[in-house]
Amino acid sequence: MSILVNKNTNVIVQGITGREGAFHAEAMMKAGTKVVAGVTPGKGGQTTLGVPVYDTVKEATTHHHVDASIIFVPAPGAADAALEAAHAGVPLVVLITEGIPTMDMVKAVAEIKALGNVRLIGGNCPGLITPDECKLGIMPASVFKKGRVGLISRSGTVTYETAKALSDAGYGISTCIGIGGDPIIGTTFKDLLPLFENDPETEAVVLCGEIGGSDEEDAAAYIKEHMKKPVVGFIGGRSAPKGKKMGHAGAIIMGNVGTPESKLAAFADADVPVAETIDEIVELVRAKLG
Amino acid sequence: MNLHEYQAKDILAKYGIPVPPGKVAFTADEAKQIASEYGDLVVIKAQVHTGGRGKAGGVKLARNPEEAREKAAQILGLNIKGFITKKVLVAKGINIAKEYYAGMILDRVTQRVVLMLSKEGGMDIEEVAATRPYALIKYPINPHTGLRPFEARELVKRAGMEGNLNKLADVLVKLYQAYVGIDASTAEINPLVISDTGEVVAADAKIVLDDNALYRHPDLMPLREFEAEHPLEVEASNYGFSYVKLDGNVGVIGNGAGLVMYTLDLVQRTGGKAANFLDIGGGAKADVVYNALKVVLKDPDVKGVFINIFGGITRADEVAKGVIRAMDEGILTKPVAMRVAGTAEEEAKALLKGRPVYMYPTSVEAAKAIISMTGGAK
């Protein structure tokens, strides 16, 4: 068990003939992911990396059983690509692309949520990985060892650092999901916590948040009410000045929303210990799991 | 991207929202000329990318053209929170009966554009939200239908706004059309004025554009003012880096926004203060690191540099080569603490042998080292 993906997950890659798409499709295959097809409008009929390329997601789902799609389509067409996958009935859609116009995401997320049976992860995210089974993302698989800690994060590199630290310490990762650094994303911390709570392979959850928005506060409220498994928190950007966008479009403190103080208070209220450094994350996990 | 008030008003006018007649002046004489065209009370307003203009003396009334010239001369050149006033808006005065607030922002919780409406216009809306939340109505707009006139009318009533209901509602409907039409991330009218003759007018406006969507608005791109941004932020963006100037003395270079934020936190936690945020993005090649150093070291505040790179496939020796090039060209003369998680760390150490560049196995150790070399926050 694991959450969202496993070794049987059949994956299509939207944008497989592009530079990014081709590079990461190959890396995913090397990591053991079952990539069954690619989609690039206008390039249907080709074969790339040993898999067929289709013009539309619908054609791919007609010829293959598809469990998930990962999208590397450039920003102007990225939200449209996510909608295409969702309407073709792909139940898990991972949107890697960064720089997507915000209104495109507002509309796409609303439409996909209305469909009800599709989970969108991202955009502007590194994707997800269940080590040794399925990598549906752009993370370096080598730093993820299979194990018992669930990891969710708004960042890319902090996720990799944390995964490496947990793997080196012997705990390893059950499933790791980067939810993305944009203000409008398909899946938040709170959406994923119940999946980890119900996953027998996950013994503890590490939640790497950052300044901006109130996803961490919502997650803390959920943890307080519903989680039995231990959760360890982390907040990036504590030293950031107000009103400045720190790289991620979503990492900005506006007025009194998104401050580290608010997030730390919410975690304290939910009895979630918060690490100040990535090394401390491991120590706090050790305190919970031994 | 921030727009000036006059640019925001031009856009609102294009979408059919009434704005007071006004023109931009770059000199006091131009201001006088414009004032004489309006022949009556005018308001002269500094056009700078910051708030709090009124308090800083950047907004003044003038009753005749000569007074307009004098007031414009006082405002032009004024330093408002670090922004030098280079132009003023000269707008026809309005006799105000009521001042309201109407704004639209992106709300992460509802994942929609939210209309905010208040009877308490003309003041800082964040303060209204914090101290009198009941005085601020928030309404998430369905992205598939947009804001419809009946919704706008109901909201005007709910906010307790007095004045012509249809005209007020029409402004809200058009504000949303403008918001979507230009891909804004913020669009505010504050104050939304009811004049003594009952006209509804956008007396001040603020628009921030969504940078991600600028590519589809070639007509708005020329509105970007490089001189209004920090010169190093402009230079960094030319290299594809994300850079934010901060007020400490440790230059920071990293890959990935999350890791760079973490690095700033570590610097602060260790007793120092970062001079900047710089994210090089993916692929830490030698020339990328070299260019990043060039940008960071142009900041005279920087006393030392902390390079923090994570990459499963990033080669530490590539990072080292970028550092060495910067040293050999005399750009880099200050201490460097480096931490690179990747391959070829031994090769990197060999390359750096005998140079004042130190590699540390962890971010925490590198942070301690750079703080001791730069003396910490003053």
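Values in this document were obtained by computation on a predicted structure and should not be read as measured data.

K.L.:
Would you take a moment to explain the nonpolar core for this structure?
P.N.:
It is characteristic of soluble globular proteins that their nonpolar side chains tend to be buried jointly. Residue and element names in this part refer to chain B. Counting 74 residues, the largest nonpolar core has Leu12, Met104, Leu117, Leu147 and Ile207 as the members making the most contacts within it. If one sorts the elements of this core by residue count, helix α6 (residues 165-181) sits on top with nine residues. Those residues in contact with Ile207, other than ones at most four positions away along the chain, are Met1, Asn2, Leu3, Ala8, Ile11, Leu12, Ile182, Ala184, Thr186 and Ala187.

K.L.:
Looking at this structure, how should I read the side chain of B:Lys71?
P.N.:
Residue and element names in this part refer to chain B. As for its position among the elements, Lys71 is in helix α3 (residues 65-75). Judged by relative accessible area, Lys71 falls into the buried class, the value being 17%. Once residues lying within four places of it in the same chain are set aside, the contact partners of Lys71 are Ile44, Lys60, Leu61 and Ala62.

K.L.:
For this particular structure, what's the right way to read the packing of aromatic side chains?
P.N.:
For any pair of aromatic rings, the description rests on two quantities: the centre-to-centre distance and the angle between the ring planes. Taken as a whole and assessed by the stated rule, the structure comprises three aromatic pairs over all chains. Seen in terms of ring centroids, A:Phe234 and B:Tyr262 are 5.6 Å apart; in terms of plane orientation they differ by 65°. Their pairing is edge-to-face. Remark: B:Tyr262 occurs in helix α8 (residues 257-269) and A:Phe234 occurs in strand β13 (residues 231-236); the pair is interchain, linking two chains. Of the residues examined, A:Phe234 reaches a relative accessible area of 2% and is grouped as buried. Overall, the relative accessible area of 2% leaves B:Tyr262 in the buried class.

K.L.:
What is the right way to look at the interface of chain B and chain A in this model?
P.N.:
It is common to report an interface's size as the accessible area lost on association of the parts. Taken together, the 44 residues of chain B in the interface contact 52 residues of chain A. Summed over both partners, the interface of chain B with chain A comes to about 3,700 Å²; 60% of that surface belongs to carbon and sulfur atoms. It is B:Arg108, B:Gln111 and B:Phe310 that lose the most area in chain B upon contact with chain A, and together they represent 21% of the buried surface on that side. In this structure, the connection of chain B to chain A is made through four salt bridges. A salt bridge links A:Glu276 to B:Arg269, with the nearest nitrogen and oxygen atoms 2.6 Å apart. On inspection of chain B and its partner chain A, the count reaches 14 residue pairs in polar contact (both at pLDDT 80 or more). Among the elements of the structure, β7 (96-107), β8 (112-118), α4 (125-131), α6, β13 (242-245), α8 and β16 (304-315) of chain B are those that each provide at least two residues to the side of chain B that touches chain A. Looking at the side of chain B that touches chain A, the element that brings in the most residues is α8(B), giving 10 residues. Tallied by class, the residues present in the side of chain B that touches chain A amount to 22 nonpolar, nine polar and 13 charged.

K.L.:
Is there a simple way to explain the pairing of strand β9 (residues 134-137) of chain A in this structure?
P.N.:
The side chains of a regular strand alternate, residue by residue, between the two faces of the sheet. All names here are of chain A. Direction of pairing for strand β8 (residues 127-130) relative to β9: antiparallel, over a ladder of four bridges. Across the sheet, Gly127 pairs through a bridge with Gly137, a residue of β9. What sits between β8 and β9 in their antiparallel hairpin is a turn of three residues, with Asp132 showing a positive phi close to 70°.

K.L.:
Any chance you could explain the sheet that holds strand β3 (residues 59-62) of chain B here in plain terms?
P.N.:
By way of backbone hydrogen bonds, the strands of a sheet pair with one another, either parallel or antiparallel. Residues and elements named next belong to chain B. Reading across from one edge, β1-β6-β2-β3 is the order of the four strands in this open sheet, with antiparallel pairing throughout. Edge positions in the sheet fall to β1 (22-25) and β3, since each has one partner strand and no second. Along the sheet, successive strands turn relative to each other by an average axial angle of 25°, direction set aside. As defined by bridge partners, β1 adjoins strand β6 (residues 88-92) across four bridges and the pair is classed as antiparallel. Looking at β6, one finds that Ala25 is bridged to Val88. Running over the sheet, helix α1 (residues 5-14) touches β1, β2 (42-46) and β6 and is turned about 45° from β6. The strands that α3 touches are β2, β3 and β6; relative to β3, the one it contacts most, it runs at about 170°.

K.L.:
Any chance you could explain unusual backbone geometry here in plain terms?
P.N.:
Outside of glycine, negative phi angles account for most residues, and trans bonds account for most peptide bonds. A cis amide bond links A:Gly122 to the next residue, A:Gly123, at an omega of 10°. Take A:Gly123: it is sitting in the loop between β7 (119-122) and β8. Put simply, B:Asn190 and B:Pro191 share a cis peptide bond, and its omega is 5°. Mapping B:Pro191 onto the fold places it in strand β10 (residues 184-195). In the Ramachandran plot, A:Asp271 falls in the positive-phi region, its phi being about 60° despite a non-glycine side chain. Along the chain, A:Asp271 turns up in the loop between α8 (260-269) and β14 (274-275).

K.L.:
How should the sheet that holds strand β2 (residues 34-39) of chain A be read in this particular structure?
P.N.:
Residue and element names in this part refer to chain A. Read from one edge of the open sheet, seven strands run β3-β4-β2-β1-β5-β6-β7, paired in mixed fashion. Across the chains shown, the open sheet's two edge strands, defined by having one partner strand only, are β3 (47-48) and β7. Judged from the four bridges that link them, strand β1 (residues 10-14) and strand β5 (residues 68-71) form a sheet pairing that is parallel. Bridge pairing in β5 places Val13 opposite Ile70. In the packing of helix α3 (residues 75-87) onto the sheet, the strands contacted are β1, β5, β6 (92-95) and β7, and the crossing angle to β6 comes to about 170°.

Conventions we followed
- Residues numbered from 1 in each chain as written.
- Chains lettered and ligands numbered in written order.
- Predicted model: local features only at pLDDT ≥ 70, side-chain atom pairs only at ≥ 80, totals over all residues.
- Heavy atoms only, no water.
- Core = buried A, V, L, I, M, F, W, Y, C linked by side-chain atoms within 4.5 Å.
- Buried < 20%, exposed > 50% of the residue type's maximum accessible area, 1.4 Å probe, protein only.
- Helix = DSSP H or I, 4+ residues; strand = E, 2+ residues; numbered from the N terminus.
- Contact = heavy atoms within 4.5 Å.
- Phe/Tyr/Trp six-rings, centres within 6.5 Å; stacked < 30°, edge-to-face > 60°.
- Buried area = accessible area lost by both parts, 1.4 Å probe.
- Salt bridge = Lys/Arg side-chain N within 4 Å of Asp/Glu carboxyl O.
- Polar contact = N/O pair within 3.5 Å; in protein donor to acceptor, adjacent residues only side chain to side chain.
- Nonpolar A, V, L, I, M, F, W, Y, C, P; charged D, E, K, R; others polar.
- Pairing = 2+ DSSP bridges.
- Axes fitted to C-alpha atoms, helices over the stretch in contact; angles between N-to-C directions.

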